[in-house]
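# Fold and contact review
The residues making up each chain are set out below.
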Amino acid sequence: MASLDIPVPPRAISESGAIVSFCATIFLSAALLFCVEPMFSKMVLPVLGGSAAVWSIAMVVFQGLLLAGYVYAHLLSRYLSAGPAALIHITVMALGTVSLPIAISSHFTAPPDHHISFWLIGLFLASVGLPCFGISANAPLLQAWFAQTQFKSASNPYFLYRASNAGSFLVLLAYPFLIEPALGLSEQSMWWKFGYVLLMSGIALCGAFALLSRNPVQTVPARSSTAVTWLRRTTWVALGFVPSGLLVAVTAHIATDVASAPFLWIMPLALYLLTFVFAFADKPVIPLKALLFLQPLTIACLAVLFLWTSKISWTIALPCHLIAFFVAAMVCHTQLYRLRPEASNLTAFYAWMSFGGVLGGMFAALLAPHTFSTVLEYPLLAFAALLARPAIFAALRNDWAKESGFCLIFILALAIPFFFMAPAIKPAYFAIAVMAAAAFLAFQAAHPVRLLALAAIALLITNLYDPTQSILVRARSFYGVYKVVDVQNGQFRVFYDGTIAHGAEAVRDEHGHALRGRPEPTTYYYKGGAFREAMDAIRAFDGGKLPNVSLVGLGVGAITCYAQPDETWSLYELDPLVIRIAGDRVLYRSMSLCASRDPVVAGDGRLTLRDAKPGLDLLILDAFSSDAVPTHLLTREAFALYKQKLGPHGMLAFNISNKNLELADVVAASAAANGMVAAVKTGAVPPPSDHKLDLRAKIAIVAKSKSDLDALHLGPGWRLATPAARVWTDDYSNIMGAIIEKFRE
């Protein structure tokens, strides 16, 4: 036994071989951890209607697991040498195999009506918590083991953290472009299980290297001779808080306007990890001086983006948001690395940094949605990132008295004329003033008081005030951020989810008189449009009456005004808050006058349709406009459910109008996989009018047979849709392919 304490000469162990083993194991560990995040989140999406909030909660859960893993790694490395620590850790990893292959826990079938966020956290922990906890500890634990060796590079093991984040970054890039298009979720889960077993072997090998090449002076790391103050720990927490919270906020902001899909979630997360790769280096890839110069420019860019949110194409806005996020995270993480402790405090450093990350994620994903009626956390955190600039607080103390007067005069000079202008020109002046302030703050890097004052005003005012809109209601739920707005001089009342109109109703005529009586459907459903044509053809096919109709996706309930007496309509809406807004008689008339006796079922359309009685004459699905597209409503299995609920000659009608995704091929493929046929029409562009709010619609009709479809006698412009892409299933979907097809179109 005594021979075990005799140190092995350093030459007996190859340092290069050990470095390769440690790097490869940490790389694989990070790749597995950040592959399971989009993979399992995609599994969960159908349970919650495709909500983008799933990803926000997912990030909080994985940040929490990361913190737990870091604390566990800290305790192992602090009190045990590499040999016993490796044995315990491999045992923990082995326990994680009971959750493999990755799948949703059988104890979580349908979400509750309340406290969905906490239910979702429980689902993640029960399904993937144990294996991900073990993997989360690997990066700091293996670095601590390496720091205990006699190798020359052991004094600064932080280079291994770059390998960890490189693995995370590369697998996140590969997921939407290589993994998701090629493999179904079940195949991904099986490959992940294989990687997990391989990882256990790598950990055992690294433990052997650490044991055989350990430093003979100590078996457990000695406590640092340099005390770490609570101010330093608090700074680590703060510098972890801001970029982590900003990651959740910016992801929610951009994902809501395109699709709730891994390729969008992954971009900000990949950049977040890349900032660690770049920042945790003795020779910075991007000098801090350059970052500090760019940060005010990106803040100014954000202010302009917020000003023109609904008018700028996402192809322009998306890279601008990502660049601003990247610069802010780089500033914070570069500061973190500059404040890192010596190797003996490495695991504590990661634990405190991770603790800040968890707090930031919880703030953005859990607290903010219940505190703010808009995504106000995004500009607040972007502003907070300015406070991470070196010596910012000392500069504020020195410059406050001198600069505050200048800022006040500048802001008043822009603001005062606004209050004396005619209402018609206020929106134009407001835009000019905001852009002028943004242009000025962009070059205030050397003047911290000016920078902070102008940034605070520009970011907040563009998020809280819009002179072009008369906002009646702001509201927020787990599923979305909503507002009710009067437009066109109060003639129309529009219901927005994020920046996308999800319904509208005419409330006044061109003379300003309030309208009464049954409203005429507008937007995609206007008289003379493709949807009205589809409704008329299907009703004529059924003898002029549709006794049994179901509608998935409520909006403001405008479609219900197509209902006729003696027709029974059943309505399905994911978000109870939308039901309350649509049913508010003060805001909208459609529901109260056209659907007052129709039942409204809250919950995901696919889950709630399972309880519907068969025999539908028409099932309308209106859940695919330009925000978070619920892909699970377009799969082969979903169409099988729809077909089961239809009557002998029942039909489906889809509103697949979408500015970012081409969904006609998806509908055609899922229909064909169930022996059904689809016809599609893109309506003509409605003529411009000051007294209408008509929108071009793309409508798909799906029938059980070609003969039923032919019997509709559809007019010109309708075409038979033939599947040109791989059918989407609950196991496979390809959002990126649908986006590419939209660009081609």
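Residues numbered from 1 in each chain as written. Predicted model: local features only at pLDDT ≥ 70, side-chain atom pairs only at ≥ 80, totals over all residues. Heavy atoms only, no water.

### Overview of the overall build of the protein
- Summing up its helical and strand segments, the protein has 24 helices and 12 strands in all.
- A compact globule built from 745 residues should have a C-alpha radius of gyration of about 27 Å, and the protein, at 29 Å, falls within 12% of that.
- Over its C-alpha atoms, taken along the principal directions, the protein stretches across nearly 95 × 65 × 40 Å.
- Here the protein holds 745 residues, and 57% of them are scored as buried.
- Taking as baseline every contact in the protein between residues at least 6 positions apart, the subset at least 24 positions apart corresponds to 78%.
- When the accessible surface of the protein is split by element, carbon and sulfur atoms take 65% of a total near 30,100 Å².
- With 52 positive and 44 negative side-chain charges, the protein shows a spacing of 8 Å between the two charge centroids. (Helix = DSSP H or I, 4+ residues; strand = E, 2+ residues; numbered from the N terminus. Rg over C-alpha atoms; globule rule 2.2 N^0.38 Å. Buried < 20%, exposed > 50% of the residue type's maximum accessible area, 1.4 Å probe, protein only. Contact = heavy atoms within 4.5 Å. Areas by Shrake-Rupley, 256 points an atom, 1.4 Å probe, with all protein chains shown as cover. Lys, Arg positive; Asp, Glu negative; His and termini not counted. Charge placed at Lys NZ, Arg CZ, Asp CG, Glu CD.)

### Some thoughts on helix α3 (residues 82–95)
- Over its 14 residues, α3 extends 20 Å from the first C-alpha to the last, a length consistent with the 20 Å expected when each residue adds 1.5 Å.
- Within the sequence span of α3, burial applies to Ala82, Ala85, Ala86, His89, Val92 and Met93. Around the axis of α3, the buried residues are gathered within 125° of arc, so they sit on the same side.
- Against α2 (53–79), α4 (116–136), α5 (138–147) and α7 (185–212) lie the buried residues of α3. (Expected span 1.5 Å × (residues − 1). Arc of directions from axis to C-beta.)

### Side note on empty space enclosed by the protein
- The final tally for this structure, using the stated rule, is four cavities of 30 Å³ or more.
- Its boundaries defined by the atoms lining it, the largest cavity holds a volume of some 410 Å³.
- Taken together, 32 residues line the largest cavity, and the ones lying closest to its centre are Phe34, Leu66, Tyr70, Tyr272 and Leu273.
- The set of elements that each furnish at least two residues to the lining of the largest cavity consists of α1 (15–44), α2, α4, α6 (159–182), α8 (230–255), α9 (262–279), α11 (314–338) and α12 (346–371).
- It is α1 that provides the largest number of residues to the lining of the largest cavity, a total of six residues. (1 Å grid on protein atoms, 1.4 Å probe; cavity = no way out; pocket = protein on both sides within 12 Å on 5 of 7 lines; lining within 4 Å. Points joined across faces, edges and corners; volume = space filled by probe spheres on them.)

### Considerations on a nonpolar patch on the surface
- Taken together, the side chains of Leu380, Ile457, Leu460, Ile461, Leu464 and Tyr465 present a nonpolar region at the surface, about 450 Å² in accessible area.
- A per-element tally of the nonpolar patch places helix α16 (residues 448–464) first, with four residues.
- Following the sequence through the fold, Tyr465 ends up in the loop between α16 and β1 (470–476).
- Take Tyr465: its relative accessible area is 36%, and that puts it in the partly exposed class. (Patch = residues over 30% accessible without salt bridge, like charges linked within 9 Å, V, L, I, M, F, W, Y side chains within 5 Å. Salt bridge = Lys/Arg side-chain N within 4 Å of Asp/Glu carboxyl O.)

### Here's the deal with the sheet that holds strand β4 (residues 500–506)
- Read from one edge to the other, the open sheet built from four strands follows the order β1-β2-β3-β4, with strand pairing classed as antiparallel. What marks the edges here is a single partner per strand, and that holds for β1 and β4. Adjacent strand axes in the sheet meet at a mean angle of 15° when their direction is disregarded.
- Strand direction decides the pairing type here: strand β3 (residues 492–497) and β4, joined by five bridges, are antiparallel. Bridging from a neighbouring strand, Asp497 pairs with Ile500 of β4. (Pairing = 2+ DSSP bridges. Axes fitted to C-alpha atoms, helices over the stretch in contact; angles between N-to-C directions.)

### Some thoughts on the state of the cysteines
- All told, the structure shown has one disulfide when counted by the stated rule.
- Free of any disulfide, Cys23 has its nearest cysteine sulfur in Cys206, 9.1 Å distant.
- As a non-bridged cysteine, Cys35 has Cys132 as the owner of its nearest cysteine sulfur, 10 Å distant.
- Judged by its relative accessible area of 11%, Cys35 falls in the buried class. (Disulfide = S-S within 2.5 Å.)

### Side note on the sheet that holds strand β12 (residues 719–721)
- Spatial strand order, β7-β6-β5-β8-β9-β11-β10-β12: eight strands in an open sheet with mixed pairing. Because the sheet does not close on itself, it has two edges, and the strands there are β7 (600–602) and β12. The sheet shows a mean angle of 20° between the axes of neighbouring strands, direction not considered.
- In terms of strand pairing, strand β5 (residues 548–552) meets strand β8 (residues 616–621) through four bridges, oriented parallel. Bridge pairing in β8 links Ser550 to Leu619.
- Sitting on the sheet, helix α17 (residues 530–541) touches β6 (568–573), β8, β9 (646–655), β10 (677–682) and β11 (698–703), and the angle it makes with β11 is about 20°.

### Re the packing of helix α10 (residues 288–307) against helix α15 (residues 426–441)
- Two elements in contact, α10 and α15, have axes separated by 8 Å at closest approach and are oriented at 170°. Between α10 and α15, the crossing angle belongs to the class labelled roughly antiparallel. Taking contact as the criterion, the partners of Pro296, Ile299, Ala300, Ala303, Val304 and Leu307 in α10 are, on α15, Phe430, Ala431, Val434, Met435, Ala438 and Leu441.
- Across the contact of α10 with α15, the residue classes break down as 12 nonpolar, no polar and no charged. (Parallel < 35°, antiparallel > 145°, perpendicular 65-115°, else oblique. Nonpolar A, V, L, I, M, F, W, Y, C, P; charged D, E, K, R; others polar.)

### What to know about the layout of surface pockets
- Considering only enclosed or pocket space, the second largest pocket measures out at about 840 Å³ in volume.
- As for the second largest pocket, its lining consists of 31 residues, of which Ala501, Tyr524, Lys659, Leu695 and Arg696 are closest to the centre.
- Elements represented by at least two residues in the lining of the second largest pocket include exactly β3 and β4.
- In terms of residue class, the lining of the second largest pocket is made up of 13 nonpolar, 10 polar and eight charged.

### Focus on the nonpolar core
- Counting residues in hydrophobic clusters, the biggest one holds 157 residues, and the most contacted among them are Trp145, Trp192 and Phe280.
- Among the elements that line this core, the one with the most residues is α2, at 14 residues.
- Sequence-distant contacts of Phe280, defined by excluding residues within four places in its chain, comprise Tyr158, Tyr161, Arg162, His333, Tyr337, Phe349, Tyr350 and Met353.
- In terms of nonpolar packing, the next biggest core, distinct from the first, is built from 41 residues, Trp314, Ala612, Leu661 and Ala700 among them. (Core = buried A, V, L, I, M, F, W, Y, C linked by side-chain atoms within 4.5 Å.)

### As for the pattern of salt bridges
- Using the criterion set out here, one finds 12 salt bridges in the structure.
- When the shortest N-O distance is used, the salt bridge between Arg636 and Glu637 registers 3.6 Å.
- Relative accessible area serves as the criterion here: at 27%, Glu637 is assigned to the partly exposed category.

### Some thoughts on the confidence of the model for the protein
- On average, the protein scores 85 in pLDDT, and the residues at 70 or more come to 93%.
- Scored below 50 in pLDDT, residues 1–12 makes nine contacts in the model with residues more than four places away or belonging to other chains. (pLDDT = per-residue confidence, 0-100.)

### Considering the environment of His447
- Considering the arrangement of structural elements, one finds His447 in the loop between α15 and α16.
- Between the C-alpha atom of His447 and that of Trp400, which follows or precedes it by 47 residues, the distance is 9.9 Å.

### What to know about α1
- Look at α1: 43 Å from first C-alpha to last across 30 residues, which is about the 44 Å you get at 1.5 Å a residue.
- Counting buried positions along α1 gives 21 out of 30 residues, so the element sits mostly inside the fold.

### As for the pairing of β8
- Buried residues dominate β8, accounting for six of its six residues.
- Relative to β9, β8 is paired through five bridges, and the arrangement is parallel. When the sheet's bridge partners are listed, Leu619 is paired in β9 with Leu652.

### Quick word on the packing of α2 against α4
- It is the contact of α2 with α4, at a shortest axis distance of 9 Å, that shows an interaxial angle of 40°. When the interaxial angle is binned, α2 and α4 end up oblique. Regarding α2 and α4, the two cross each other, and that crossing is right-handed. Between α2 and α4, the contacting residues are Val54, Ile57, Ala58, Val61, Phe62, Leu65, Leu66, Ala68, Gly69, Tyr70 and Tyr72 on the first element and Ser117, Leu120, Ile121, Phe124, Leu125, Val128, Gly129, Cys132, Phe133 and Ser136 on the second.
- Split into classes, the residues belonging to the contact of α2 with α4 amount to 17 nonpolar, four polar and no charged. (Left-handed = near helix turned anticlockwise from the far one by under 90°.)

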